[in-house]
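The chain contents come next:
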Amino acid sequence: MIRFVLRRLLLLIPVVWGVLTVTFVLMYIVPGDPVLTLAGERYDEKTLEEMRRELGLDRPLLVQYVEYLGRVARFDLGRSFMTRRPVIESIRERFPRTLILAFSAMAFAVVGGLLIGAFAAWGRIPWLGRTLMAGSLVGVSIPVFWLGLLLIYLFAIKLSLLPPSGYGGGSLRYLVLPAITLSFASLATVARVTRSGVIDSVSEDYVRTARAKGLGEIVVMSKHVLRNALIPVVTIVGTDFGSYLSGSVLTESIFGWPGLGRYIVQAILKRDFPVIQGAVLFMAIVFVLVNLLVDISYGLIDPRVRLKGGGR
Amino acid sequence: MRLQHNGVIVTILMLLLVSCSHEEEPQQLRLALQTEPSTLDPAFAVDYSSGLLSSLIHDNLVRFDEEGRIVPGLAGRREVSADGTVYTFNLVPARFSNGRSVKASDVVISFTRLLAPSTVSPRWWVLGAIRGAADFHHSGRSMDGALTAPDDTTVVIQLAQPTAHFLSMLSMPAAGIVCVEEVERLGEMYGRSPCGSGPWCLESWLEGDKLSLRRNPFYQGRAPAITGISFRIIPESMTRIAEFEVGNLDILEVPRAELTRWRSAGVSLRQQEELRIVYIGLNNRKSPFDNRTVRRALNMAIDIESIIVHLLFGAGHRAHGVIPPSLRKEPEPEGLYAYDPHEARRLLTEAGFPEGFAMEIWQRDNPESGRILESVQGYLAQVGITVKLVTREWSAFKQAINRGTPDAFYLDWFADYPDAENFIAPLFHSENVGGGGNRSAYTNAAVDSLIEEAARCPEENRRWELYRRAEELVYSDAPWIFLWFPLRYEVISPRVRGYRIPAVFTGQRFLEVKL
Amino acid sequence: MSSRGTIFRRFTRNRSAICGLILLLVVGILAGLADILSPGRSAEIDLEGSLSPPSLRHPFGTDPFGRDICARVLHGARISLGVGFLARTISLVLGLVLGIAAGYFGGKTDAVLMRLADITFAFPTLLLLIAVMAVVSPGLTSLIATLGIVGWAAVARLVRSQVLSVKERDFVRAARSAGAGDMTIIVRHILPQCISPVMVVYTLGLGMTIMAEASLSFLGLGVQPPTPSWGRMISSGVAFMRTAPWLTVFPGLVLTVTVCSLNLVGDGLRDALDPHLNVGRVDTKGIRL
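An account of the accompanying structure is given in this report. Only a predicted model underlies this, so the values are computations on that prediction, with no experimental measurement involved.

### A few points about the layout of surface pockets
Estimates place the volume of the second largest pocket at around 1,100 Å³. Forming the boundary of the second largest pocket are 40 residues, of which Arg42(A), Asp44(A), Trp125(B), Glu431(B) and Asn432(B) lie nearest the centre. Where the lining of the second largest pocket is concerned, the elements lending two or more residues are α3 (45–55) of chain A together with α4 (133–139), α13 (394–403), α14 (420–428) and α15 (445–456) of chain B. Two domains each provide a minimum of three residues to the lining of the second largest pocket, namely domain 2 (42–200) and domain 3 (276–488) of chain B.

Below you can see the structure in the form of structure tokens.
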């Protein structure tokens, strides 16, 4: 187990290096220039050159690249060209918000998906089960920006139940709409996997035994059936959670959520190199770590899974 | 995952649904910004949001009022020498938001800082008219007494030559007076915790979410009626509308696509002509746009009035020139380019393009410009010109138009100050080709010399006459397809009184606003 | 594995999958007939008739230019479906080739390719997209290319795991000991075993790609005007959501129905091919925004 984790952590290094290098190369191939954003309107070429010199952009690319890798190795992500704020400070501020949004979205998806899937598998009210399954599928098939705006219209304007947008200083009411919007991406899959998992395990012996013992339907369902169906759900939760954590640009823009997604997109559009590099690096590490956690959790949930790279 | 964990999730869900407290302060004006300011440091504030907020926090020697007139700021009294090159300002007693009183040396140091080579401010040119400023900026050579503070309340500025729009320049956000110790203490981070002598000071800044200003307790003028202003950062316009509708915002700029709805909603919809012109710049260096007849033909091939009615929903005046009507001293001239596709075709034939040609129009990604250019594409197709639209995001777009890559580009120009000079000199003087503002690379020696003469001219009517003549030349040369002067619409919540849309964006300081 | 007949029977017994397939066929046929059903009308500009609500003449209403939305939805189908199909095909080919190479040859090839896949997964799509858009000229080609490129890693991973499980099976060993070369083994024995999971991933990913096109349009990075694509129509209609909802509703509905159908067919395929097939889901990181 420990050897497995260590091996995977070692693999982080080439991945991170690769991501950094690709980012670096892309930033310099792409047209556009950070000093153009910094300069606003009305400037001459001389001023631009002075600004480039100040930011160290006039040095040869290789020098900039080596210096950059050196800084990363010392865990120094530098400062934003635009705001002069240390990148790490902004990430520290924004990541928890992205985390809480990702976590709540996942919670909605899992709870909703399990309920819908189990209900559909249960099969007592077939039309309702089918409608719910279809509904979850529609949720994943609507463009997320459209869905978000429709939800704002319905819940904030028409029904005045929830605030339309914003972070609200961490107040939970503000979390509901963006979390639901984001959760739809996973909800349908969770529901589908749960449904087939439940249908499979209902025919298993231990469930029959439980039924024969005269246990109530709900007890059987929750204690024996759902538990078994949870394993594939973890896979989905894992992969999706990883991608939620890198921030969801559209959901964040629509709901004015100050997370990582908007941070990096703004930086890309303004060519704020240190922010792009820092945020990409951070997201890559988080992504790899989450996947590692998912792999470890397989081993914990399902003893049949053997982790490669060493015995348990 | 165990079932107990599900229990935890359910608890969280229930918590989520429980409504929480409502914390808005009643005396706070609530506004929205589309983009977050990148800095509140006057020397680096170049975008709209940064300029707006930094000018609420910092005071200038002179500033604009709501109508765009120059009024006293920190300088209560000013004298200009007879030859127009020496400006003497007398400061009123004022204090920074940390309580220290503003001295004349603060003005000198703030201005020197803006110009200093070590600051690398992109806005140093705002004070470029000061004698020796450009030399000082580029090589660090001393300005040799051009900028002095003989005593604590007097500032004397000497210019290289009379510059009629110098006071307008002094009103720009970049010429804000900063608190010197704070700048030294904070260095690069001054832009995140600024300290000025303006009516407002920064209370909190939650990145990506919200900025709050509160009254500067030491402000020298009458204290504002409201206690603070909050600026929510909401990138999406439909979301801003929703926030206004549920009552979380006090003022909303109405996007044009929504105008019909708000016009019929019976709310107080304010209208203000923006000091802005929207145009399609033609690359005057490139064939066939180096041909005046072709450029004139293009101006006649598009039914601009119809676009204004149907795609802008009436929110603009067709531009028959480049100086906005509100800056004119006389009625607008007659338009030269009425919509006439037959005449356009004839001109194209005359110029040697009976079959038309193919061209690219570049735009930055923006749904509205996309709509407008799609119709332009349709109109030009009718005179045989095949238009390919090229969308680039802002940075790449700006680089391309500075370099003169595109055949044509859709762009607008926002006034920094309400003066005809601001529409003529940067946009059409040959020394400003490229990043200076003249992206269509229009060069005309006659226009250049008119602009130079006007800049030196102390007499207001004569100066206007020179600009008017320059504009006339430009308009008939048609380096652009002249489109329109847009109108800005805002809806105001009924609880707000005493607000009006300013002519220049820094003109509204929310001093008279009551809730 | 099941025989073809069983697969077909299983698929046809799945009512929702058949439903999805029929809907897809309808959309496909309408897209194919767009020129006959509404010749030229999708580009006709008529500012006087701008933003008229649905009527007999314009069943889906008109857009700000007075263009018929129904006609544009039909023409847009070609673009949206075309982008999806081509981009997925690129991902598929890249993923198949690289996945088989990684799984079959193992060792260094495998290590390098899988690290490349990790990098692709960990990399923000949007940055890549802006980069490709900027270097190649923006528009349909670069959109297809980028969406195709970012999708390769998920396919390659899946194919690789499939190859790993097939590689050591008896029939492959037998072929190898009979002296078959690598190419022969790959084409004859390995490739056919990869087809089923890949088909499922292809279909499900198609829906995601069409959605991605819509999201990119919203960010201003989709196809260029005046080309109609559903994503572009929805995103440019968003400003009119409250004043002229038909601009977003109709293309939005058609897009949703299509993506839904693709998902239904994909799920049906998976169940028919092998209910326990190890395609837990399509890993969509890299496409979702």
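### Comments concerning the pairing of strand β18 (residues 480–492) of chain B
Residue and element names in this part refer to chain B. Of all 13 residues in β18, 13 are buried; the element is thus mostly enclosed. Taken together, the three bridges between strand β11 (residues 251–253) and β18 define a ladder with antiparallel strand orientation. Paired with Glu253 across the bridge in β18 is Glu490. The pairing of strand β12 (residues 269–273) with β18 spans five bridges and is antiparallel. Bridging across to β18, Arg270 finds its partner in Glu490. Pairing geometry for strand β13 (residues 276–282) and β18, over four bridges, is antiparallel. Bridge pairing links Ile280 to Ile481 in β18.

### Some details on the packing of helix α1 (residues 2–29) of chain A against helix α4 (residues 61–73) of chain A
All names here are of chain A. Running from amino to carboxyl end, α1 crosses α4 at an angle of 145 degrees, the nearest separation of the two axes being 11 Å. Crossing of α1 against α4: the hand is right-handed. Between α1, through Trp17, Leu20, Thr21, Phe24 and Tyr28, and α4, the contact on the second element is made entirely by Leu61, Gln64, Tyr65, Tyr68, Leu69 and Val72. Grouping the amino acids of the contact of α1 with α4 by side-chain chemistry returns nine nonpolar, two polar and no charged.

### A word on the interface of chain A and chain B
Each partner contributes to the interface: chain A provides 60 residues, whereas chain B provides 60 residues. Summed over the shared surface of chain A and chain B, the number is seven salt bridges. For Glu36(B), the salt bridge identified is with Arg94(A), shortest N-O distance 3.8 Å. Summed over the shared surface of chain A and chain B, the result is 25 residue pairs in polar contact (both at pLDDT 80 or more).

### Quick notes on the pattern of salt bridges
Residue and element names in this part refer to chain A. With the rule as written, the count across this model stands at 59 salt bridges over all chains. A salt bridge links Glu54 to Arg84; its shortest N-O distance comes to 3.5 Å. Of the two residues, Glu54 is situated in helix α3 and Arg84 in the loop between α4 and α5 (87–122); the sequence distance between them amounts to 30 residues. A salt bridge links Glu67 to Arg71, with the shortest nitrogen-to-oxygen separation between them at 3.7 Å. Of the two residues, Glu67 and Arg71 are both situated in helix α4; the distance of four residues between them amounts to about one turn of the helix.

### So, the interface of chain C and chain A
Chain C puts 43 residues into the contact, and the matching count from chain A is 47 residues. Overall, the association of chain C and chain A removes approximately 3,900 Å² of surface from exposure, summing both partners, and the carbon and sulfur fraction of that is 77%. If you look at where chain C meets chain A, you find one salt bridge. Put simply, chain C and chain A have two residue pairs in polar contact (both at pLDDT 80 or more) between them. Going through the elements one at a time, α5 (107–122), α6 (125–135), α10 (182–218), α11 (230–237) and α12 (246–273) of chain C are the ones with two or more residues in the side of chain C that touches chain A. For the side of chain C that touches chain A, the element with the most residues is α12(C), which contributes 13 residues.

### Points about α1(A)
An α-helix turns once every 3.6 residues. As a result, residues three or four positions apart point the same way. With 28 residues, α1(A) extends 41 Å from end C-alpha to end C-alpha; this agrees with the ideal 40 Å at 1.5 Å per step. Within the span of α1(A), buried status applies to Phe4(A), Leu12(A), Val15(A), Val16(A), Gly18(A), Val19(A), Leu20(A), Thr21(A), Thr23(A), Phe24(A), Leu26(A) and Met27(A).

### Looking at the sheet that holds strand β5 (residues 86–91) of chain B
All names here are of chain B. In spatial order, the strands read β4-β5-β7-β6; together these four strands make up an open sheet with antiparallel pairing. Every other strand in the sheet has two partners, leaving β4 (75–80) and β6 (147–151) as the edge strands with one partner each. This sheet shows a mean twist of 20 degrees between the axes of neighbouring strands, independent of strand direction. Of the pairings in the sheet, the one linking β4 to β5 comprises five bridges and is antiparallel in character. Note that in β5 the partner of Arg77 across the bridge is Asn90. The strands that helix α3 (residues 104–115) touches are β5, β6 and β7 (154–158); relative to β6, the one it contacts most, it runs at about 170 degrees.

### Thoughts on the environment of Val102(B)
All names here are of chain B. Here Val102 is to be found in the loop between β5 and α3. Val102 sits in the buried class, given a relative accessible area of 9%. Taking the C-alpha atoms as reference, Val102 lies 33 Å from Ala420; in sequence the two are 318 residues apart. Apart from residues no more than four positions distant in its own chain, Val102 is found in contact with Leu74, Ala94, Arg95, Phe96 and Ser197.

### Looking at the state of the cysteines
One pass over the structure, following the stated rule, counts zero disulfides over all chains. Summary of cysteine pairing: Cys201(B) is not part of a disulfide, and the nearest cysteine sulfur, belonging to Cys195(B), is at 8.3 Å. Cys19(C) supplies the cysteine sulfur nearest to Cys260(C), a cysteine that is in no disulfide, at a spacing of 11 Å.

### Looking at the packing of helix α7 (residues 144–158) of chain A against helix α7 (residues 237–245) of chain B
Where α7(A) contacts α7(B), the axes come no closer than 11 Å and their chain directions differ by 0 degrees. Looking at the two axes, α7(A) sits roughly parallel to α7(B). From α7(A), Leu149(A), Ile152(A) and Ile157(A) reach across to α7(B), where they touch Met238(B), Thr239(B), Ala242(B) and Glu245(B). Classifying every residue of the contact of α7(A) with α7(B) by side-chain character gives five nonpolar, one polar and one charged.

Rules used in this analysis
- Residues numbered from 1 in each chain as written.
- Chains lettered and ligands numbered in written order.
- Predicted model: local features only at pLDDT ≥ 70, side-chain atom pairs only at ≥ 80, totals over all residues.
- Heavy atoms only, no water.
- 1 Å grid on protein atoms, 1.4 Å probe; cavity = no way out; pocket = protein on both sides within 12 Å on 5 of 7 lines; lining within 4 Å.
- Points joined across faces, edges and corners; volume = space filled by probe spheres on them.
- Helix = DSSP H or I, 4+ residues; strand = E, 2+ residues; numbered from the N terminus.
- Domains from an automatic or database assignment.
- Buried < 20%, exposed > 50% of the residue type's maximum accessible area, 1.4 Å probe, protein only.
- Pairing = 2+ DSSP bridges.
- Axes fitted to C-alpha atoms, helices over the stretch in contact; angles between N-to-C directions.
- Left-handed = near helix turned anticlockwise from the far one by under 90°.
- Contact = heavy atoms within 4.5 Å.
- Nonpolar A, V, L, I, M, F, W, Y, C, P; charged D, E, K, R; others polar.
- Salt bridge = Lys/Arg side-chain N within 4 Å of Asp/Glu carboxyl O.
- Polar contact = N/O pair within 3.5 Å; in protein donor to acceptor, adjacent residues only side chain to side chain.
- Buried area = accessible area lost by both parts, 1.4 Å probe.
- Expected span 1.5 Å × (residues − 1).
- Disulfide = S-S within 2.5 Å.
- Parallel < 35°, antiparallel > 145°, perpendicular 65-115°, else oblique.

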